[in-house]
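Fold and geometry: a report
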Amino acid sequence: EKGGYDYFMLKEIAEQPKAVADTLLGRIDAEGRLRLDEVRIPDAVLREADKVVIIACGTAFHSGLIAKYAIEHWTRIPCEVELASEFRYRDPILGQRTLVIAISQSGETMDTLMALRHAREQGAKVLAICNTNGSTIPRESDAVLYTHAGPEVAVASTKAFLTQLVACYLVALYLGQVRGTKWGDEIHAVIRELARSADDVERVLETMEPVRALARSLAHKNTVLFLGRHVGYPVALEGALKLKELAYMHAEGFAAGELKHGPIALIEEDLPVVVVVPSPKGRSVLHDKIVSNIQEIRARGARTIVIAEEGDETVVPYADHLIRIPATPTLLQPLVSTVPLQVFACELATARGNEVDQPRNLAKSVTVE
Ligand code: F6R
């Protein structure tokens, strides 16, 4: 049942190109326009929404953080992302024009379910993004967009995360399409790139051997830090979460711009720091800033592990280890930059002798608050 792999997690990492392609299937028409009729939220509701609120936990929360960048950019609707476990205990402001998006792989996470019930009681419309047909969260929502990752068995989420990203991009682009923002041409171009993203994920998977070797060489370390900016920041959080749950190592993700506000004090000789570098094109300001961050931490002894797009030569002199990913539109980069972090965590866990599919103290679906 593991299809020749030692662990379900390895199988599920390898299945990501198919999971991404399946989640896109039938949702982009021949003219390159999105078709989400199955979602069954009337376009009028989407047109009138004045706020989007995303609720989720853990890895699903990280996909929500990435969705915020996409939704605000392509639709100009303000978007908040909140941990489902915090949401209903603070009397959030919700109304009939609030579109709530609840993201959950299992569809059974109690924190997310309680948060969505609270949102509906306040009159908000709830759209679920979910991987499990007929589970509680989609049943209790106004509408659902299913991710087609197939069953995810390993406790640590991998392919479900990538498909959550795809679903979030689809919703963001669809909202943009329905509302007709000034980004019409860009939306069209990004849909075409999204349609090709499964191939990019495949290409990343083909180049992971050096990442595995690097992970094995770090098995004796106690701490790994992750830095990113813009959509690379939630990717850094996700990389750190994977490492905690699988390798039982101290790992933290930071927004690179926060370094000088505290975390840089943690940098010491030979501390591994993974840096997710934004695309050099389009967002060149951010790119330059992160390159100086890499120089700063390296000057203080950090061992830099740099994830950067193919063709980005500026990072080469400062990277102790360089992991290449295909160039993508800025907002889509997490689809490819997350994959090496999953492989990294999985290999480190194995090297440390941990049970990869069943990490200690964790359950696949958390049905208690
Ligand atoms: C991390 C992980 C958890 C889940 C979280 C939400 O690898 O698997 O953080 O993402 O418990 O679960 P769902 O998506 O089922 O609501």
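In this text, all values refer to a predicted model and were calculated from it rather than measured experimentally. (Residues numbered from 1 in each chain as written. Predicted model: local features only at pLDDT ≥ 70, side-chain atom pairs only at ≥ 80, totals over all residues. Heavy atoms only, no water.)

This paragraph deals with the overall build of the chain. Check the secondary structure of the chain and you find 14 helices and 10 strands. Against the 2.2 N^0.38 benchmark of 21 Å for 369 residues, the chain shows a C-alpha radius of gyration of 20 Å, consistent with a compact globule. Here the contacts in the chain between residues at least 6 apart in sequence split such that 74% fall between residues at least 24 apart. Entry remark: accessible area of the chain is about 14900 Å², with carbon and sulfur atoms responsible for 49%. Side-chain charges in the chain split into 41 positive and 49 negative, and the spacing between the mean points of these groups amounts to 3 Å. (Helix = DSSP H or I, 4+ residues; strand = E, 2+ residues; numbered from the N terminus. Rg over C-alpha atoms; globule rule 2.2 N^0.38 Å. Contact = heavy atoms within 4.5 Å. Areas by Shrake-Rupley, 256 points an atom, 1.4 Å probe, with all protein chains shown as cover. Lys, Arg positive; Asp, Glu negative; His and termini not counted. Charge placed at Lys NZ, Arg CZ, Asp CG, Glu CD.)

The ligand sits among 13 residues. The nearest are Ser 104, Gln 105, Ser 106, Thr 109 and Glu 245. Within the contact set of the ligand, an oxygen atom lies 2.7 Å away from a side-chain nitrogen or oxygen of Ser 106. At a separation of 3.1 Å, an oxygen atom of the ligand approaches a polar side-chain atom of Lys 242. Coverage of the ligand by the protein chains reaches 89% of its 410 Å² of free accessible surface. Among the elements of the structure, α4 (58–75) and α12 (232–247) are those that each provide at least two residues to the shell around the ligand. In terms of residues, the shell around the ligand owes the most to one element, α4, which gives 3 residues. (Near = heavy atom within 4 Å. Polar contact = N/O pair within 3.5 Å; in protein donor to acceptor, adjacent residues only side chain to side chain.)

This brings us to the nonpolar core. Ranked by internal contacts, the top residues of the largest apolar core, which has 93 residues, are Ile 101, Tyr 169, Phe 226, Leu 243 and Phe 344. Top element by residues in this core is helix α8 (residues 159–179). It accounts for 14 residues. Formed by 19 residues, the second largest nonpolar core is a distinct cluster that contains Leu 259, Val 273, Val 291 and Val 315. (Core = buried A, V, L, I, M, F, W, Y, C linked by side-chain atoms within 4.5 Å. Buried < 20%, exposed > 50% of the residue type's maximum accessible area, 1.4 Å probe, protein only.)

It is worth spelling out the environment of Val 291 at this point. Within the secondary structure, Val 291 is located in helix α13 (residues 284–299). Judged by relative accessible area, which is 8%, Val 291 ranks as buried. Along the sequence, Val 291 and Thr 314 sit 23 residues apart, while their C-alpha atoms lie 7.6 Å from each other.

Right, let's talk about the state of the cysteines for a bit. Tallied over the entire structure, the rule returns 0 disulfides. Note on Cys 57: no disulfide assigned, nearest cysteine sulfur contributed by Cys 130 at a separation of 13 Å. The partly exposed category is assigned to Cys 57, whose relative accessible area is 24%. (Disulfide = S-S within 2.5 Å.)

Another aspect to go through is the packing of α12 against helix α14 (residues 334–351). Geometry of a packed helix pair, given as the angle between the helix axes and the separation of the axes. Orientation of α12 relative to α14, taken along the N-to-C sense of each, is 20°, at an axis distance of 9 Å. As far as their axial angle goes, α14 and α12 are roughly parallel. Our pair here, α12 against α14, has a crossing hand that is right-handed. Counted together, Val 235, Glu 238, Gly 239, Lys 242, Leu 243, Leu 246 and Ala 247 of α12 and Pro 334, Ser 337, Thr 338, Leu 341, Phe 344, Ala 345, Cys 346, Leu 348 and Ala 349 of α14 form the full contact between these two elements. (Axes fitted to C-alpha atoms, helices over the stretch in contact; angles between N-to-C directions. Parallel < 35°, antiparallel > 145°, perpendicular 65-115°, else oblique. Left-handed = near helix turned anticlockwise from the far one by under 90°.)

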